[in-house]
Amino acid sequence: MLCGLVEAGGRAMDDLVRLMTPVLWHVVRAYGLDAQLSEDVVQVTWLTLVRRHDTIHDARAVAGWLTTAVISGVIGVVVGGLIALVLHHAMRLKPGAGH
């Protein structure tokens, strides 16, 4: 359904990016990510749309799809950071580690 929009890479896609990027940025920043991580999550979201546009069957669903995808990206970053933090602390608490 979105094949023409994504594959053409023309004005329609530019308009979508211009319209939705500030919205996606706001969603990501609302979750407390810093500017660099926010930029990364938003960029990955756009790349995911290009790669998976064939999964969207109704053009009216694009905004919701993008918002859901960007929230999933935030969750991935947050969970990844928590896992790294837990592992870091576990290594510090391990007998003989770092001594």
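Relevant structure appears above.
Cut-offs used in this document
- Residues numbered from 1 in each chain as written.
- Predicted model: local features only at pLDDT ≥ 70, side-chain atom pairs only at ≥ 80, totals over all residues.
- Heavy atoms only, no water.
- Helix = DSSP H or I, 4+ residues; strand = E, 2+ residues; numbered from the N terminus.
- Buried < 20%, exposed > 50% of the residue type's maximum accessible area, 1.4 Å probe, protein only.
- Contact = heavy atoms within 4.5 Å.
- Areas by Shrake-Rupley, 256 points an atom, 1.4 Å probe, with all protein chains shown as cover.
- Axes fitted to C-alpha atoms, helices over the stretch in contact; angles between N-to-C directions.
- Parallel < 35°, antiparallel > 145°, perpendicular 65-115°, else oblique.
- Left-handed = near helix turned anticlockwise from the far one by under 90°.
- Nonpolar A, V, L, I, M, F, W, Y, C, P; charged D, E, K, R; others polar.
- Core = buried A, V, L, I, M, F, W, Y, C linked by side-chain atoms within 4.5 Å.
- Patch = residues over 30% accessible without salt bridge, like charges linked within 9 Å, V, L, I, M, F, W, Y side chains within 5 Å.
- Salt bridge = Lys/Arg side-chain N within 4 Å of Asp/Glu carboxyl O.
- Expected span 1.5 Å × (residues − 1).
- Polar contact = N/O pair within 3.5 Å; in protein donor to acceptor, adjacent residues only side chain to side chain.

S.K.: Residues and numbers for the overall build of the protein, please.
M.R.: Looking only at helices and strands, one finds four helices and zero strands in the protein. Along the chain direction, N to C, the helices and strands of the protein fall in the order α-α-α-α. Sorting the 99 residues of the protein into buried and exposed places 24% on the buried side. A sequence separation of at least 24 residues applies to 61% of the contacts in the protein between residues at least 6 apart. As displayed, the protein has an accessible area near 6700 Å², and 65% of this comes from carbon and sulfur atoms.

S.K.: Could you give me a rundown of the packing of helix α3 (residues 35-52) against helix α4 (residues 62-93), with the residues and numbers involved?
M.R.: Running from N to C, α3 and α4 cross one another at 130°; their axes reach a closest spacing of 9 Å. Considered as vectors, α3 and α4 are oriented oblique to each other. Between α3 and α4 lies a crossing whose hand is right-handed. Judged by residue contacts, L37, V41, V42, T45, W46, T48, L49 and R52 of α3 engage W65, L66, A69, V70, G73, V74 and V77 from α4. Counted by class, the contact of α3 with α4 contains 11 nonpolar, three polar and one charged residues.

S.K.: Could you give an account of the nonpolar core, naming the residues involved and the relevant values?
M.R.: With 18 residues, the main nonpolar core has L16, L24, V28, W46, L49, L66 and V70 as its most contacted residues. Residue assignment for this core shows that the elements contributing at least two residues are α2 (11-30), α3 and α4. V28 has contacts with L33, S38, V41, V42, V70 and V74, leaving out every residue within four places of it along the chain.

S.K.: Please give an account of a nonpolar patch on the surface that cites residues and values.
M.R.: Residues I75, V79, I83 and L87 make up a contiguous nonpolar surface patch of about 360 Å² in total accessible area. Here V79 shows up in helix α4.

S.K.: Explain α4 residue by residue, including any values.
M.R.: Look at α4: 46 Å from first C-alpha to last across 32 residues, which is about the 46 Å you get at 1.5 Å a residue. For α4, the set of buried residues is V62, W65, L66, A69, V70 and V74.

S.K.: Hey, could you go over the side chain of H53 for me, with residue numbers and the actual values?
M.R.: Within the secondary structure layout, H53 lies in the loop between α3 and α4. A relative accessible area of 11% places H53 in the buried class. At 2.8 Å, the side chain of H53 and the backbone oxygen of V50 are in polar contact.

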